[in-house]
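# Structure assessment
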Amino acid sequence: MSLLNELGIALVAWSPLGAGFLAGANEILPEADFRNHNPRFTGDNLAANRSRFAPLEEVAGDLGISTTQLALAWLLNKDGAVYPIPGSRKAALVAENAAAAGITIPSDVMARIDALAPVGAAQGETLL
């Protein structure tokens, strides 16, 4: 049983897609984009993070889903009440994100994701 369940509380996941990183928004950013000031999206950190999290694209492909859906479904499949609230600017993305709620990730794949992307694996500080 997770601590969340034990305490009877839920967690709202802030920035569940890594400020768009897990949604594929990690290429060249427009000059006015706030992520240009986010250490995880700048310099050597961006290249390191792209490389570090690239294997998640393969996991998503194996499941026939997008990397975005993988990230959201991973949170929703965790033991406990975790509620990701991704920001979306297009109706199609809202529908894609919502579809993640119906995805069940097998336990062996959950373990693989945990190993590929452990807590603290991203290079660079996060902005709060």
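Here, the structure is the one placed above.
These numbers were taken from a predicted model, which means no experiment stands behind them.

Tallied over the entire structure, the rule returns four salt bridges. Two residues, Glu 58 and Arg 112, come together in a salt bridge whose shortest N-O distance is 3.5 Å. Here the residue Glu 58 occupies a position in helix α3 (residues 55-63), and Arg 112 occupies one in helix α6 (residues 107-116), the gap between them amounting to 54 residues. By relative accessible area, Glu 58 is classed as partly exposed at 49%. We classify Arg 112 as partly exposed; its relative accessible area is 34%. Between Lys 78 and Asp 114 there is a salt bridge, with its nearest N and O atoms 3.2 Å apart. You can see Lys 78 sitting in the loop between α4 (67-76) and β2 (81-84) and its partner Asp 114 sitting in helix α6, a full 36 residues away along the chain.

A few words on the nonpolar core. Core analysis: the biggest nonpolar cluster contains 21 residues, and Leu 70, Ile 103, Ile 105 and Ile 113 have the highest contact counts within it. It is α4 that provides the largest number of residues to this core, a total of four residues. Ignoring sequence-local partners within four residues, the contact set of Ile 113 consists of Leu 56, Val 59, Leu 70, Trp 74 and Ile 105.

Another point: the environment of Ala 13. Positionally, Ala 13 belongs in strand β1 (residues 10-13). Residue classification places Ala 13 among the buried positions, given a relative accessible area of 10%. A C-alpha to C-alpha distance of 4.6 Å links Ala 13 and Pro 84, two positions 71 residues apart in sequence. Once you skip the residues sitting within four places of it in the chain, Ala 13 turns out to touch Leu 75, Val 82, Tyr 83, Pro 84 and Ile 85.

Axes are the key here: two packed helices are described by the angle between their axes and the distance separating the axes. Relative orientation of the contacting elements α4 and helix α5 (residues 91-99) amounts to 45 degrees, with a least axis distance of 8 Å. Considered as vectors, α4 and α5 are oriented oblique to each other. Our pair here, α4 against α5, has a crossing hand that is right-handed. Across the interface between the two elements, Thr 68, Gln 69 and Leu 72 of α4 pack against Glu 96, Asn 97 and Ala 99 of α5. Taken together, the residues that form the contact of α4 with α5 break down as two nonpolar, three polar and one charged.

Of all the positions in α3, only Leu 56, Val 59 and Ala 60 are classed as buried. Taken down its axis, α3 places every buried residue within 95 degrees of arc, on the same side. More than 90 degrees from the buried face of α3, the exposed residues found are Glu 57 and Asp 62. On its buried face, α3 is in contact with α2 (43-53), α4 and α6. Positive phi appears at Gly 64, one or two residues downstream of α3, with a value of about 75 degrees.

Reading guide: rules and limits
- Residues numbered from 1 in each chain as written.
- Predicted model: local features only at pLDDT ≥ 70, side-chain atom pairs only at ≥ 80, totals over all residues.
- Heavy atoms only, no water.
- Salt bridge = Lys/Arg side-chain N within 4 Å of Asp/Glu carboxyl O.
- Helix = DSSP H or I, 4+ residues; strand = E, 2+ residues; numbered from the N terminus.
- Buried < 20%, exposed > 50% of the residue type's maximum accessible area, 1.4 Å probe, protein only.
- Core = buried A, V, L, I, M, F, W, Y, C linked by side-chain atoms within 4.5 Å.
- Contact = heavy atoms within 4.5 Å.
- Axes fitted to C-alpha atoms, helices over the stretch in contact; angles between N-to-C directions.
- Parallel < 35°, antiparallel > 145°, perpendicular 65-115°, else oblique.
- Left-handed = near helix turned anticlockwise from the far one by under 90°.
- Nonpolar A, V, L, I, M, F, W, Y, C, P; charged D, E, K, R; others polar.
- Arc of directions from axis to C-beta.

Interpretation in functional terms is not warranted from these geometric data alone.
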